[in-house]
Amino acid sequence: MVALIAITVGPWWLLAVLAAQLAVGLTLGRRYCLPCLAYFELVQPRFGEGPLEDARPPRFANLVGVVFLTAATVAFAAGWETAGTALGAIVAALALLAAATGLCAGCEAYKLGYRFRGRPFVSCPLPPQPAPSDRSL
């Protein structure tokens, strides 16, 4: 939503803020990522935790987002509004697609990369959980 606002009504520097937030989340973890905090503090308590998933595809998708948003920011700063708008629109469109349908194009690209290398994508297995105990404490 913020990327769409940045490319339609401005200001374009919002793209830099988005890129920085994604980069912070990728490098320092979700404790320092404002959208992550909003999700885990506001959304998840109301709707519950979703299924656990392999973190590699979403991290790759976020890395691609950082690259595109940074390139859009550089393009705007250099005066290349058309290129900046196009790159920002790609991010906005893919974010909208993911929000509306649950299809993460970056995640699918990550999995497709495995297939191109001749290996099937195998999701990381969940760590073993201790067996429930029948004893009461």
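Our structure's up above, just so we're on the same page.
Since the model is a prediction, treat every value here as computed from it, not as a measurement.

(A) Structural view of the layout of surface pockets. What the largest pocket holds in volume is close to 2,000 Å³. Lining the largest pocket are 49 residues, and of these Leu22, Cys36, Glu53, Pro58 and Asn62 sit closest to its centre. Contributing elements (two or more residues each) for the lining of the largest pocket: α1 (2-8), α2 (14-28), α3 (34-47), α4 (56-77), α5 (81-101) and α6 (105-116). The element best represented in the lining of the largest pocket is α4, accounting for 9 residues. Of the residues assigned to the lining of the largest pocket, the class counts are 32 nonpolar, 10 polar and 7 charged.

(B) Representation of the side chain of Gln44 within the structure. Looking at the element boundaries, Gln44 is found in helix α3. A relative accessible area of 19% places Gln44 in the buried class. Apart from residues no more than four positions distant in its own chain, Gln44 is found in contact with Tyr39 and Glu49.

(C) Here's a closer look at the nonpolar core. Residues Ala3, Ala6, Ile7, Leu14, Leu15, Ala19, Leu69, Ala72, Phe76, Val91 and Ala92 constitute the largest nonpolar core, which totals 11 residues. When contributions to this core are tallied by element, the ones reaching two or more residues are α1, α2, α4 and α5. Excluding residues that lie within four positions of it along the chain, Val91 makes contacts with Ala3, Phe68 and Leu69.

Analysis parameters
Residues numbered from 1 in each chain as written. Predicted model: local features only at pLDDT ≥ 70, side-chain atom pairs only at ≥ 80, totals over all residues. Heavy atoms only, no water. 1 Å grid on protein atoms, 1.4 Å probe; cavity = no way out; pocket = protein on both sides within 12 Å on 5 of 7 lines; lining within 4 Å. Points joined across faces, edges and corners; volume = space filled by probe spheres on them. Helix = DSSP H or I, 4+ residues; strand = E, 2+ residues; numbered from the N terminus. Nonpolar A, V, L, I, M, F, W, Y, C, P; charged D, E, K, R; others polar. Buried < 20%, exposed > 50% of the residue type's maximum accessible area, 1.4 Å probe, protein only. Contact = heavy atoms within 4.5 Å. Core = buried A, V, L, I, M, F, W, Y, C linked by side-chain atoms within 4.5 Å.

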